[in-house]
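Residues per chain are reported as follows:
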Amino acid sequence: MASCKIPGEQGRTFTNWASTFTCKPELYFEPTTTEEIIQIVNEARRLSKRVKVCGYGHSPSDIACTDGYMIDMRRFNQLINIDEKNCTVKVQSGCLLKDLIDDVLEPHGMAMQNIASISDVTIAGVICTGTHGTGANYGILSTQVLEIELITAAGEEVTCSHTENTDLFRAACCSLGALGVITAVTLQCEPAFKLHQRQQPCTLDEVLDNLDEHISSSEHFVLYWMPHTESVIMCRNDRTNEQVSDVSSWFWNTFVGYHCFQFAYWLSSFFPSSVGFINRTFFYLLFSKPLERINISRNLFNFAKGFPQYVTDWAIPREQTPTVLRELRTWLRENPNEAAHFCIEVRFCQGDNIMISPAYGRDTCFINIIVYRPYGKLIPYANYWAAYENIVKRVGGRPHWAKAHQETGKELADLYPEWDKFCEIRQKMDPQGMFLNEYLERVLCMDNGATGNA
Ligand SMILES: Cc1cc2nc3c(=O)[nH]c(=O)nc-3n(C[C@H](O)[C@H](O)[C@H](O)COP(=O)(O)OP(=O)(O)OC[C@H]3O[C@@H](n4cnc5c(N)ncnc54)[C@H](O)[C@@H]3O)c2cc1C
């Protein structure tokens with residue numbers, strides 16, 4: 001067998017965006033062609049090496065880490081085909097959403113139906129982790145996918161879609177990178193649109209008492225709750241034909257805002273009981289008045305990343321949202337010194353049939369909690385995490401795959417009706433476990449140490 005012609009780099013360190021996980025791959029590759037990827041995979045198989053593909057390294061967990069071969073897909077990012085008539089686009093898998101939206105879709109008068117709160121992530125990274133935005137009638141981002149091409153551990157190219165290799169497709173739409181190297185993705189888009197955003201301050205109880213009504217009052221409803229306070233911001237985004245009138249940008253978009261925010265939380269690390277006061281002050285300064293604005297969709301779906309943070313985001317059955325948020329509020333009242341930073345982001349998604357999607361089979365609410373690391377300072381978050389996880393697990397919560405969680409296959413298997421089927425497909429696609437890493441061994445591992453039901 002011919003040896004790998006594309007040179008791998010030694011001594012490279014991979015660190016995720018939030019600097020919460022780091023690893024030293026044995027060899028690091030940045031391929032630009034499918035042939036190069038096949039060569040790397042063939043070489044890895046010949047030498048019994050493990051392979052991990054990474055997108056833009058924005059997952060807050062160790063999902064993209066490896067000490068084997070790392071294939072960085074950032075340079076594998078070209079447009080393959082755009083079809084204006086049917087509003088579809090096919091791109092190489094390392095394409096960043098922001099490049100796809102700004103440089104490809106927008107000039108063709110197209111847009112993605114719904115996106116997450118950031119766009120500097122690759123299309124494959126988004127698909128692999130079940131990334132979501134908000135909107136009760138919109139699924140996770142993978143539900144916009146029409147076709148996926150991947151390279152298996154055997155070095156073979158496989159295509160799957162709603163009509164071809166359909167089970168593989170339902171697995172590949174949220175695969176954690178465990179099925180092979182995704183090389184191309186075809187997406188259903190829609191004509192470019194503007195959003196009318198309305199932000200309205202109110203109290204948590206006001207929203208929870210009529211939650212279904214609020215959710216259905218908008219195409220993309222999201223709730224931002226200031227922990228340790230009763231204050232929330234209801235944010236509605238709806239399609240409009242009105243002219244752009246963006247009156248303000250988020251405070252932390254600005255240099256001063258970014259540092260005020262960071263400095264306040266840094267200071268609070270010496271006086272933990274001040275977090276509630278800080279959250280209340282931010283709310284008063286920034287959100288206590290209703291706000292309306294109109295802009296192109298990406299500008300309002302996305303907002304600034306802020307600074308490095310610990311986050312966890314669990315998917316619960318939508319009808320459990322009031323119970324969970326009220327229980328969390330009770331816990332926060334009893335623990336005023338816990339660093340619960342703003343905001344708790346509450347989003348809604350339609351259920352789907354993607355095998356291990358967090359929204360599988362049920363309309364879902366995602367609740368994202370956050371603890372920042374101001375100026376890199378580690379602020380204790382374990383108690384807050386444990387309390388939150390206890391609450392969501394009691395109602396069948398499923399963790400966001402990209403975000404930090406410690407669940408293992410033992411706990412996860414029962415939460416997904418098609419778990420065994422996913423594991424069978426994974427075993428068939430990758431019998432030697434080439435695409436596994438520590439994270440995947442943990443989440444796919446059953447009692448007997450075997451991965452899935454293999
Ligand atoms: C500030 C911030 C905001 C965020 N906001 C949201 C949000 O609003 N909603 C939400 O749901 N998530 C959100 N996320 C999480 C984010 O969407 C996911 O972590 C996403 O996976 C990151 O994409 P990436 O390209 O960086 O992938 P990476 O982190 O590099 O990789 C993620 C996974 O995808 C696999 N993978 C990547 N490319 C390929 C490929 N070509 N073939 C096979 N496997 C591949 C990797 O192996 C890994 O398992 C946020 C993250 C951050 C840091």
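Now for a description of the structure that goes with this document. (Residues numbered from 1 in each chain as written. Predicted model: local features only at pLDDT ≥ 70, side-chain atom pairs only at ≥ 80, totals over all residues. Heavy atoms only, no water.)

Summing up its helical and strand segments, the protein has 14 helices and 20 strands in all. Radius of gyration (C-alpha) of the protein: 22 Å, near the 22 Å computed for a compact globule of 454 residues. Over its C-alpha atoms, taken along the principal directions, the protein stretches across nearly 65 × 50 × 40 Å. A burial count over the protein gives 59% of its 454 residues as buried. Looking at the protein alone, contacts between residues at least 24 apart form 74% of all its contacts between residues at least 6 apart. Accessible surface, the protein: about 18,200 Å² in total, of which carbon and sulfur atoms supply 49%. (Helix = DSSP H or I, 4+ residues; strand = E, 2+ residues; numbered from the N terminus. Rg over C-alpha atoms; globule rule 2.2 N^0.38 Å. Buried < 20%, exposed > 50% of the residue type's maximum accessible area, 1.4 Å probe, protein only. Contact = heavy atoms within 4.5 Å. Areas by Shrake-Rupley, 256 points an atom, 1.4 Å probe, with all protein chains shown as cover.)

The next subject is the site of the ligand. Taken together, 34 residues lie around the ligand, and V53, G55, H58, S59 and R347 are the ones closest in. A distance of 2.5 Å separates an oxygen atom of the ligand from a polar atom in the backbone of V53. When the ligand is considered free in solution it has 970 Å² of accessible area, and contact with the protein chains removes 97% of it. Looking at the shell around the ligand, the elements that each hand over two or more residues are β4 (51–54), α3 (123–129) and β11 (181–188). (Near = heavy atom within 4 Å. Polar contact = N/O pair within 3.5 Å; in protein donor to acceptor, adjacent residues only side chain to side chain.)

Strand order across the open sheet formed by three strands is β3-β5-β4, with parallel pairing between neighbours. Of all strands in the sheet, those bounded by a partner on one side alone are β3 (27–29) and β4. The sheet shows a mean angle of 20 degrees between the axes of neighbouring strands, taken without regard to direction. Where β4 lies against strand β5 (residues 69–72), four bridges are found, and the strand directions are parallel. Note on β5: the bridge partner recorded for C54 is D72. Packing of helix α1 (residues 34–46) onto the sheet brings it into contact with β3, β4 and β5, and relative to β5 it is tilted by some 170 degrees. (Pairing = 2+ DSSP bridges. Axes fitted to C-alpha atoms, helices over the stretch in contact; angles between N-to-C directions.)

Most of β11 sits inside the fold, with seven of its eight residues counted as buried. Pairing geometry for strand β7 (residues 88–92) and β11, over five bridges, is antiparallel. Note on β11: the bridge partner recorded for T88 is Q188.

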